[in-house]
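Notes for the structure review
Residue-level listing of the chains:
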Amino acid sequence: MNQSAWELFWTSLGPIVHGAIAGTIPLALASFAIGITLALGLALMRLSRRRWVSGIARVYISIVRGTPLLVQLFVIFYGLPSLGILIDPWPSAVVAFSLNVGGYAAEVIRAAILSVPKGQWEAAYMIGMSHRRALTRIILPQAARVSVPPLSNTFISLVKDTSLASLILVTELFREAQQVAAFSQEFMLLYLEAALVYWVICLGLSSIQSVLEKRLDRYVAH
């Protein structure tokens, strides 16, 4: 790269990083928190003995997994206004990403719950615990340890997926890169710079994931 390109790289790095800190990370955290709460409810519904309850969760998960995230985002931001429901860009992105995370993470949590030995349920019942108490005090803590690795991967994927929010004018990492690129006409440089920042963020998150897995491994494996 020539000198002017390097100058543009360092000049634009600040706004792009700011977009990540002020837009991408908060958007991913908010969406993930809401999505995990939804996923837990869906996972418990899938495990319900009532077919209609399990069926509702099954259909929801199928719809989320069977349709592109971009389409889901556009339905909420561009489609709902036709029904008189207007949602600003940032909340629209949170809703779309949360619903998507809920659909994918639900199966992860369900599998984690099913991985807990049935003997744990039986032991809880023998000491007089109700089904709900056994679930919250015995089963879910163990399931949480098992689900950390796949849910961590879900969060890392979500961080990258937040770039789609730029299409509905949410100011985040990729949107900042787009704006600088449109002004400077250096599209290759700016998009590669955005990719570099995403990569660094994901490397950091992967490192945190590795630490969590090592700390939890002793409880899961032994």
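The structure displayed is predicted, hence computed values, not measured ones. (Residues numbered from 1 in each chain as written. Predicted model: local features only at pLDDT ≥ 70, side-chain atom pairs only at ≥ 80, totals over all residues. Heavy atoms only, no water.)

1. Quick word on the confidence of the model for the protein
The cut-off we apply is this: Per residue, pLDDT captures the predictor's confidence, and it can take any value from 0 to 100. Runs of H or I in DSSP of at least four residues are treated as helices and runs of E of at least two as strands, each being numbered from the N terminus.
Mean pLDDT over the protein stands at 90; residues scoring 70 or higher make up 96%. Taken element by element, the protein is modelled with least confidence in helix α5 (residues 118–126), mean pLDDT 82, and with most confidence in helix α3 (residues 69–79), mean pLDDT 96.

2. Regarding the pattern of salt bridges
For the record, the criterion: Take a side-chain nitrogen of Lys or Arg and a carboxyl oxygen of Asp or Glu: if they are within 4 Å of each other, that pair is a salt bridge. The cut-offs for exposure are 20% and 50% of the maximum accessible area for each residue type, with area from a 1.4 Å probe on protein chains only; residues under the lower value are buried, those over the upper are exposed, and the others partly exposed.
With the rule as written, the count across this model stands at 2 salt bridges. Of the charged contacts, one joins R46 and E107 as a salt bridge, the two residues approaching to 3.4 Å between their closest N and O atoms. Taken together, the residues span a long stretch of sequence, with R46 in helix α1 (residues 3–46) and E107 in helix α4 (residues 89–115) at a distance of 61 residues. A residue is classified by how much of its surface remains accessible, and E107, at 18% relative accessible area, is buried. Residues participating in the shared-partner salt-bridge network are R46, E107 and R110.

3. Describing the packing of aromatic side chains
To describe a pair of aromatic rings, one takes the distance between the centres and the angle between the planes. Note the cut-off: For Phe, Tyr and Trp, where Trp contributes only its six-membered ring, two rings pair if their centres lie within 6.5 Å, and the inter-plane angle classes them as stacked under 30 degrees, edge-to-face over 60, or tilted in between.
Under the defined criterion, the tally for this structure stands at 8 aromatic pairs. Ring geometry for F9 against W10: centres 5.2 Å apart, planes inclined by 90°, an arrangement best described as edge-to-face. With a relative accessible area of 12%, F9 lands in the buried category. Classification of W10 by relative accessible area gives exposed; the value is 56%. The rings of W6, F9 and W10 are connected pair by pair, giving a single aromatic cluster.

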